[in-house]
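# Fold and geometry: a report
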Amino acid sequence: DRRTGDKFWPAEIKPIIFHSMELAVACGIIVVEAAGNGRSGEEPQGNDLDDFAIWYGKNVLGRGQEGFRDSGAILVAAVSKNEDHGRIQSSNFGERIDCVAWGEEVFSSSLPTDQYDDLFGGTSSASAIIAGAAISVQSINIEKHGQPLSPSDMRRILSSHGTPSANTNGIMPDLKLIITTVI
């Protein structure tokens, strides 16, 4: 994510990164992007992407707002492991969010010891989970149909077949549903 003052935002707020993502998507590459982990400090708090106005005073992250720019990336917010999958306090949120995944107590290995711990979290773990889901869906789709899904098809499928999260705009993809009924 990128920083402005004490706030962190998705990487695509930087024009060079936005255009790199846009180019990758135009070339058929699926891009998964972390929404960012809000404000730094003692009490982290997510930022509303719909309020972001850095580029010429326009909100490039607010779908439906003047100045909105779509990189084509799948933008991912972080949610709790609880049953309601509500947004974790530090995760950014807003209309631009496509998907959500766990952002707390995600097990991963830690280097250099190669031991597992549950300290991985935030939008970093959530975007890694969604990237894994995209890889799974893409692999099965290629096996079944002989060709890959486009980035826009992947974003549409992952962001419309699953469980809506409490207090975010994203969907937690349901891989079983997607595999058995969509692809």
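Now for a quick tour of the structure. The structure displayed is predicted, hence computed values, not measured ones.

What follows is about the overall build of the chain. Helices and strands together make up the secondary structure of the chain, namely four helices and nine strands. Starting at the N terminus and ending at the C terminus, the chain contains elements arranged as β-β-α-β-β-β-β-β-α-α-β-β-α. The buried share of the chain, reckoned over its 183 residues, is 43%. Counting contacts in the chain only where the partners sit at least 6 residues apart, residues at least 24 apart contribute 60% of the total. Of the roughly 9400 Å² of accessible surface on the chain, 52% is carried by carbon and sulfur atoms.

Attention shifts here to the environment of Pro151. Within the secondary structure, Pro151 sits in helix H3 (residues 151-158). The spatial distance from the C-alpha of Pro151 to the C-alpha of Ile29 is 6.3 Å, given a sequence separation of 122 residues. Not counting residues within four places of it along the chain, the set of residues in contact with Pro151 comprises Val25, Gly28, Ile29 and Ile30.

Bringing the environment of Gly62 into the picture now. In this structure, Gly62 sits in the loop between strand E3 (32-34) and strand E4 (74-79). Using a relative accessible area of 0% as the deciding quantity, one classes Gly62 as buried. Between the alpha carbons of Gly62 and Phe52 there is a distance of 7.6 Å; along the sequence they are 10 residues apart.

Moving on, we get to the pattern of salt bridges. According to the stated counting rule, one finds seven salt bridges in the structure shown. The salt bridge involving Asp70 is made with Arg96; its shortest N-O contact spans 3.8 Å. Separated by 26 residues along the polypeptide, Asp70 in the loop between E3 and E4 and Arg96 in the loop between E4 and strand E5 (99-102) bring together distant segments of the chain. Residue classification places Asp70 among the partly exposed residues on the basis of a relative accessible area of 30%. The class for Arg96 is buried, based on a relative accessible area of 0%. Note that Asp153 is salt-bridged to Arg156, the shortest N-O span being 3.4 Å. Taken together, the positions of Asp153 and Arg156, both in helix H3 and three residues apart, correspond to about one turn of that helix. Residue classification places Arg156 among the partly exposed residues on the basis of a relative accessible area of 44%.

What follows concerns the pairing of E4. The buried fraction of E4 is high, at six of six residues. Residues Ile74, Val76 and Ala78 point to one face of E4 and Leu75, Ala77 and Val79 to the other, with burial holding for every one of them. As judged from the three bridges shared by E3 and E4, these two strands associate in the parallel manner. Its bridge partner lying in E4, Val32 is registered against Ile74. The pairing of E4 with E5 spans four bridges and is classified as parallel. Note on E5: the bridge partner recorded for Val79 is Trp102.

Once that is clear, we can look at the nonpolar core. Counting 16 residues, the largest nonpolar core has Ile74, Ile130, Val137, Met154 and Leu158 as the members making the most contacts within it. Of all the elements in the fold, those that place two or more residues in this core are E4, E5, helix H2 (122-145) and H3. Broken down by element, the residue count for this core peaks at four residues, all from H2. Once residues within four sequence positions are removed from consideration, Ile130 is found in contact with Val32, Ile74, Val76, Cys99, Val100, Ala101, Leu158 and Pro173. Judged by nonpolar contacts, the second largest core, of 13 residues, contains Trp9, Leu49, Val79 and Val100.

This brings us to the packing of H2 against helix H4 (residues 175-182). Running from N to C, H2 and H4 cross one another at 20°; their axes reach a closest spacing of 11 Å. Judged by the angle between their axes, H2 and H4 are roughly parallel. As for the relative orientation of H2 and H4, their crossing is right-handed in sense. Counting all contacts with H2, which are made through Ala133, Val137, Ile140 and Lys144, the residues of H4 involved are Leu175, Ile178 and Ile179. Grouping the amino acids of the contact of H2 with H4 by side-chain chemistry returns six nonpolar, no polar and one charged.

Analysis parameters
- Residues numbered from 1 in each chain as written.
- Predicted model: local features only at pLDDT ≥ 70, side-chain atom pairs only at ≥ 80, totals over all residues.
- Heavy atoms only, no water.
- Helix = DSSP H or I, 4+ residues; strand = E, 2+ residues; numbered from the N terminus.
- Buried < 20%, exposed > 50% of the residue type's maximum accessible area, 1.4 Å probe, protein only.
- Contact = heavy atoms within 4.5 Å.
- Areas by Shrake-Rupley, 256 points an atom, 1.4 Å probe, with all protein chains shown as cover.
- Salt bridge = Lys/Arg side-chain N within 4 Å of Asp/Glu carboxyl O.
- Pairing = 2+ DSSP bridges.
- Core = buried A, V, L, I, M, F, W, Y, C linked by side-chain atoms within 4.5 Å.
- Axes fitted to C-alpha atoms, helices over the stretch in contact; angles between N-to-C directions.
- Parallel < 35°, antiparallel > 145°, perpendicular 65-115°, else oblique.
- Left-handed = near helix turned anticlockwise from the far one by under 90°.
- Nonpolar A, V, L, I, M, F, W, Y, C, P; charged D, E, K, R; others polar.

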